[in-house]
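Residues per chain are reported as follows:
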Amino acid sequence: MALAGGVRVRARALLRAGAQFRGPVLGRPEPAAGGGDGTRRFANLRVLVEPDPAAGVAVMKLKSPPVNSLSLEFMTEFLISLEKLENDKAFRGVVITSDCPGVFSAGLDLTELCGQNPAHYAEYWKAVQELWLRLFLSNMVLVAAINGVCPAGGCLMALTCDVRVLADNPKFVIGLKETQLGIVVPFWLKDNLVNTIGHRASEHALQLGLLFPPAEALQVGIVDQVVPEDQLQSTALSVMARWMAIPDHARHLTKAMMRKATADSLIKHRDADIQNFVNFISRDSIQKTLQVYLQKLKQKKG
Ligand SMILES: CCCCCCC/C=C/C(=O)SCCNC(=O)CCNC(=O)[C@H](O)C(C)(C)COP(=O)(O)OP(=O)(O)OC[C@H]1O[C@@H](n2cnc3c(N)ncnc32)[C@H](O)[C@@H]1OP(=O)(O)O
């Protein structure tokens, strides 16, 4: 699946503006490059990709400090990196993790949702849809190595993965807390959660806006494994090795079959979903709630 029009235009604009790829572009054979360590490490500004072509695996590290919030720039750069890996036959699996200590991703970038105009909200939501669709329908095996707090849009990214491994730290909560902010998750994210933890558990999790600490996250099934923090990366790679042992074609056709109906329900109603988001987020009451919340976050330190 190619990047959707708006996101592609933005991706091109970003590239023209000089998103910095250190090392070769994947898919074009070039000599080994990177930090002199013989790897084909490359990065744009907000995503660091550490490829291991011999294993067929790349590690994507989210590095948009302070909290990896899903700004338009971040999502665009993430999608560019993902597409490069997707188009390179050398890569069959991706581990997604964070380079920001203690935070996997803080979710949607609240500054993108406050005080902007409807055209901006529409562009933003289209990028969120695209991020979810591209991850959810990826042919590659995706393993989330969750090494920090993972609320809302952070959880959205993790839920698209085939496997979620969470580091065992009581601060590393995961879940869809949207109702706590007075917002409603989109139907396709609700479906993604229901597919993962079942209907009844989703009803509770979504209505209460629950954020699960590790033991509860494992119990409800929103993550597949909880491991000591220092074993997260090695566990994610050994989980990956197990999935990579399955013939690729059969595995990804099976994945596509399992996920098609959920993805199609968004693909068929994409424009209506954007319009619904724009109407909702533009309401005065929602704007006020989000602004107060953002202010509270900013005042926390003071
Ligand atoms: C139909 C419409 C509905 C659609 C819904 C779709 C589903 C998704 C929804 C969302 O994702 S909404 C966003 C939900 N996310 C949150 O509520 C998380 C908010 N952040 C936090 O709780 C904390 O920041 C943290 C992630 C636990 C990290 O805490 P820490 O103490 O390490 O950092 P802070 O000092 O709190 O933050 C640093 C810095 O970052 C800013 N910031 C934090 N989160 C966001 C964010 N989501 N968007 C934008 N900016 C964020 C925070 O204000 C601080 O800024 P400065 O003070 O440094 O300027």
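Presented here is an overview of the structure given in this document. Note that the structure is a prediction, hence the values are computed from the model and not measured. (Residues numbered from 1 in each chain as written. Predicted model: local features only at pLDDT ≥ 70, side-chain atom pairs only at ≥ 80, totals over all residues.)

Some thoughts on the site of the ligand
Surrounding the ligand, one finds 28 residues, the nearest of these being Ala106, Gly107, Leu108, Ala152 and Gly153. Counting only elements with at least two residues in the shell around the ligand, the list comes to strand 5 (102–103), helix 3 (110–113), strand 7 (148–151), helix 11 (270–282) and helix 12 (284–299). For the shell around the ligand, the residue count by class is 18 nonpolar, five polar and five charged. (Near = placed C-beta within 6 Å. Helix = DSSP H or I, 4+ residues; strand = E, 2+ residues; numbered from the N terminus. Nonpolar A, V, L, I, M, F, W, Y, C, P; charged D, E, K, R; others polar.)

So, helix 7 (residues 199–208)
Those residues of helix 7 lying buried are Ser202, Ala205 and Leu206. Down the axis of helix 7, the smallest arc covering the buried residues is 90°, so these residues share one side. Exposed and oriented more than 90 degrees from the buried face of helix 7 are Arg200, His204 and Gln207. Looking at the packing, one finds that the buried side of helix 7 touches strand 9 (174–175) and helix 6 (187–197). One or two residues past the end of helix 7 sits Gly209, with phi positive at roughly 60°. (Buried ≥ 20, exposed ≤ 12 C-beta atoms within 10 Å, placed from the backbone. Arc of directions from axis to C-beta. Contact = placed C-beta atoms within 7 Å.)

Details of the pairing of strand 4 (residues 93–98)
Two faces make up the sheet, and in a regular strand the side chains alternate between them. Taken across its six residues, strand 4 has six buried, putting it largely inside the fold. Taking every second residue as pointing to the same face, both faces of strand 4 are buried, with Gly93, Val95 and Thr97 on one and Val94, Ile96 and Ser98 on the other. Where strand 3 (residues 57–62) and strand 4 come together, six bridges link them in parallel fashion. By the bridge assignment, Leu62 is partnered in strand 4 with Ser98. Read from strand 3 through helix 2 (residues 72–87) to strand 4, the crossover connection turns out right-handed. The pairing of strand 4 with strand 6 (residues 141–146) spans four bridges and is classified as parallel. Among the inter-strand pairings, Val95 is bridged to a residue of strand 6, identified as Val143. (Pairing = 2+ DSSP bridges. Right-handed = clockwise from strand over helix to strand, strands pointing away.)

Re unusual backbone geometry
When glycine is set aside, most residues are seen to have a negative phi, and most peptide bonds are trans. Of note, the amide linkage connecting Pro65 to Pro66 takes the cis form, showing an omega dihedral of 5°. Tracing the chain through its elements places Pro66 in the loop between strand 3 and helix 2. A positive phi angle is found at Asn68, which is not glycine, with a value near 50°. Turning to its location among the elements, Asn68 is positioned in the loop between strand 3 and helix 2. If you check the backbone angles, Ala152 has positive phi at about 50° while not being a glycine. Following the sequence through the fold, Ala152 ends up in the loop between strand 7 and helix 5 (153–159).

Geometric values such as these leave the question of function open.
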